[in-house]
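Now for the letters of each chain:
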Amino acid sequence: MSQLICAVVRSMLVAIILGVGPACADHPLTKVVRDDRGGYIGARAIEIAELNARSIRVELRGRVCLSSCTMYLGATRLCIDPRTSFGFHGPSRNGRPLPPEQFAHWSDIMARHYRPPLRTWFLDDARHQLRGYKRISGAQLVALGYPACP
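These lines cover the structure that appears in this document, whether it is placed above or below. (Residues numbered from 1 in each chain as written. Predicted model: local features only at pLDDT ≥ 70, side-chain atom pairs only at ≥ 80, totals over all residues. Heavy atoms only, no water.)

Moving on, we come to the overall build of the chain. Helix and strand counts for the chain stand at five helices and five strands. Walking the chain from its N terminus toward its C terminus, one meets helices and strands in the order α-β-α-β-β-β-α-α-β-α. Across the 150 residues that make up the chain, the buried fraction comes to 39%. Taking the intrachain contacts of the chain between residues at least 6 apart in sequence as the baseline, contacts between residues at least 24 apart amount to 65%. Summing over all exposed atoms, the chain offers an accessible surface of approximately 8600 Å²; the carbon and sulfur share of this is 57%. (Helix = DSSP H or I, 4+ residues; strand = E, 2+ residues; numbered from the N terminus. Buried < 20%, exposed > 50% of the residue type's maximum accessible area, 1.4 Å probe, protein only. Contact = heavy atoms within 4.5 Å. Areas by Shrake-Rupley, 256 points an atom, 1.4 Å probe, with all protein chains shown as cover.)

Here it is as structure tokens:
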């Protein structure tokens with residue numbers, strides 16, 4: 001019985017940490033992302049790997065998904081709201097340029113989360129934007145093959 005309790009508590013803690021809802025047969029775990037302005041690239045990459053490993057669905061909704069939030073586009077189970085505005089820019093340290101080798105490293109990590117041709121556009125263009133954002137609408141991403149949320 002204590003193993004069952006531990007398993008339930010562990011599942012609840014993971015759900016709280018990842019911000020996902022309860023699971024049942026008809027409704028697999030889902031993480032809904034709304035108005036996310038970004039964060040640390042490495043932490044986001046780890047989170048997305050965990051979401052993918054657990055087959056958690058990611059829904060990108062809200063007005064904006066900026067900076068490292070766009071890395072959720074690498075989620076295995078994903079949908080996006082066509083009305084959401086996605087803002088891309090290159091890796092930096094609080095808006096200051098990184099040394100070239102770090103810039104290349106973190107740009108590559110970000111780009112791995114995008115499908116072609118978005119990946120190519122990011123590497124050729126958007127990653128060189130360090131202030132502000134290069135914006136793409138959710139509708140444009142749907143036109144590139146990303147699935148729209150119902």
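Right, let's get into the state of the cysteines. A covalent bond between the sulfur atoms of two cysteines is referred to as a disulfide. The full count for this structure, using the stated rule, is two disulfides. Cys-65 shares a disulfide with Cys-69; S-S distance 2.1 Å. Between Cys-65 and Cys-69, the S-S torsion sits near -110°, and that sign places the bridge as left-handed. Neither residue differs from the other here; Cys-65 and Cys-69 are each classed as buried. (Disulfide = S-S within 2.5 Å.)

With respect to the helices and strands, Arg-135 occurs in strand β5 (residues 134-137). Residue classification places Arg-135 among the partly exposed positions, given a relative accessible area of 46%. Once the C-alpha coordinates of Arg-135 and Ser-85 are considered, the two residues, 50 residues apart in sequence, prove to be 6.6 Å apart. Setting aside anything within four residues of it in sequence, one finds Arg-135 in contact with Val-64, Leu-66, Ser-85, Phe-86 and Gly-87. Of note is the side chain of Arg-135, whose polar atom sits 3.1 Å from the side chain of Ser-85. (Polar contact = N/O pair within 3.5 Å; in protein donor to acceptor, adjacent residues only side chain to side chain.)

Structurally, the α-helix is built with 3.6 residues per turn, so residues lying three or four positions apart point the same way. Given a rise of 1.5 Å per residue, twelve residues ought to cover 16 Å, and the 16 Å separating the end C-alpha atoms of helix α3 (residues 100-111) matches this to within 8%. Among all positions in α3, only Phe-103, Ser-107, Ile-109, Met-110 and Ala-111 are buried. Along its buried surface, α3 packs onto α2 (41-53) and α4 (118-124). (Expected span 1.5 Å × (residues − 1).)

As enumerated under the stated definition, the model contains seven salt bridges in all. Among the ionic pairs, Glu-47 bridges to Lys-31, the shortest N-O distance being 3.3 Å. Of this pair, Glu-47 sits in helix α2 while Lys-31 sits in strand β1 (residues 30-36), and the two are 16 residues apart along the sequence. Exposure class is identical for Glu-47 and Lys-31. Each is buried. The partner of Asp-108 in a salt bridge is Arg-112, and the shortest N-O contact between them spans 2.7 Å. Several salt bridges share partner residues, and in doing so they unite Arg-57, Glu-59 and Arg-61 into one network. (Salt bridge = Lys/Arg side-chain N within 4 Å of Asp/Glu carboxyl O.)

Turning next to the nonpolar core. If you look at the biggest cluster of nonpolar residues, it comprises 29 residues, and the most contacted ones within it are Leu-60, Leu-73, Phe-88 and Tyr-114. Every element with two or more residues in this core is listed here: α2, β2 (57-66), β3 (78-80), β4 (85-88), α3 and α4. A total of four residues in this core trace back to one element, the largest contributor, which is α2. (Core = buried A, V, L, I, M, F, W, Y, C linked by side-chain atoms within 4.5 Å.)

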